[in-house]
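# Per-entry structural report
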Amino acid sequence: MSPVGTWEATGDDRGTIALDADGTFRAFDVSYNLLDGYRTDGDLFFARGEWWVEEGPEIRLRFTRAEYGCQYIDPVTTSIPFPIGTLRFGDVEGFTSIEFRKLDPDE
């Protein structure tokens, strides 16, 4: 399955990640800080950047601009495991996370 497409947050979380075919991505209205692994009431995460897949089951994301609430976050590159049909971001200890599912998994 290609990662290109629109991914929506599952469960009680909200937000969208769009992975475009040109290698860019946008994350918007996300109820979780994708880079620092936490959530607060009312704050939303927004980001844009570039993505690519290297060998192995991970997507690499280079966040060129990101903000959470009123805080801007420095550019960073991270890897996200890419099991079929989900993207999961979480804190290092594994206490909190957010999962996204692809809207059209056949793409």
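The structure reproduced in this document is the subject of the present report. Source: prediction; values computed, not measured. Each chain carries its own residue numbering, running from 1 in the written order of its sequence. With pLDDT at 70 or above as the cut-off, local features in this predicted model cover only qualifying residues; side-chain atom pairs require 80 or more to be listed or tallied, and sums for whole chains, interfaces and linings still use all residues. As a rule here, side-chain values cover all heavy atoms of the structure and leave hydrogens and water aside.

With that settled, consider empty space enclosed by the protein. Cavities and pockets were defined on a 1 Å grid built over protein atoms only: a cavity is a set of grid points that admits a 1.4 Å probe from which the probe cannot escape, a pocket is an open set flanked by protein on both sides within 12 Å along at least five of seven lines, and lining residues are those with an atom within 4 Å of any such point. Grid points are joined across faces, edges and corners, and a volume is the space filled by probe spheres set on the points. Tallying each qualifying case throughout the model produces one cavity of 30 Å³ or more. The calculated volume of the largest cavity comes to roughly 40 Å³. In terms of lining, the largest cavity is formed by Ile17, Leu19, Ile59, Leu61, Ile80, Leu87 and Phe89. If you list the elements that add at least two residues to the lining of the largest cavity, you get strand S2 (16–19), strand S5 (58–68) and strand S8 (86–90). Strands are runs of DSSP state E lasting at least 2 residues, helices are runs of H or I lasting at least 4, and numbering of each runs from the N terminus.

A carboxyl oxygen of Asp or Glu within 4 Å of a side-chain nitrogen of Lys or Arg is what we treat as a salt bridge. In this structure the tally under the stated criterion is five salt bridges. Between Arg62 and Glu50 there is a salt bridge, and its shortest N-O distance comes to 2.7 Å. Of this pair, Arg62 sits in strand S5 while Glu50 sits in strand S4 (residues 45–53), placing them twelve residues apart in sequence. Accessibility here uses a 1.4 Å probe with only protein chains present; expressed as a share of the type maximum, an area under 20% marks a residue as buried, one over 50% as exposed, and anything in between as partly exposed. With a relative accessible area of 35%, Arg62 lands in the partly exposed category. Look at Glu50 and you get partly exposed, because its relative accessible area is 34%. Taking the shortest distance from any N to any O, the salt bridge between Arg101 and Glu99 comes out at 3.3 Å. On the basis of relative accessible area, Glu99 is assigned to the buried category, the value being 14%.

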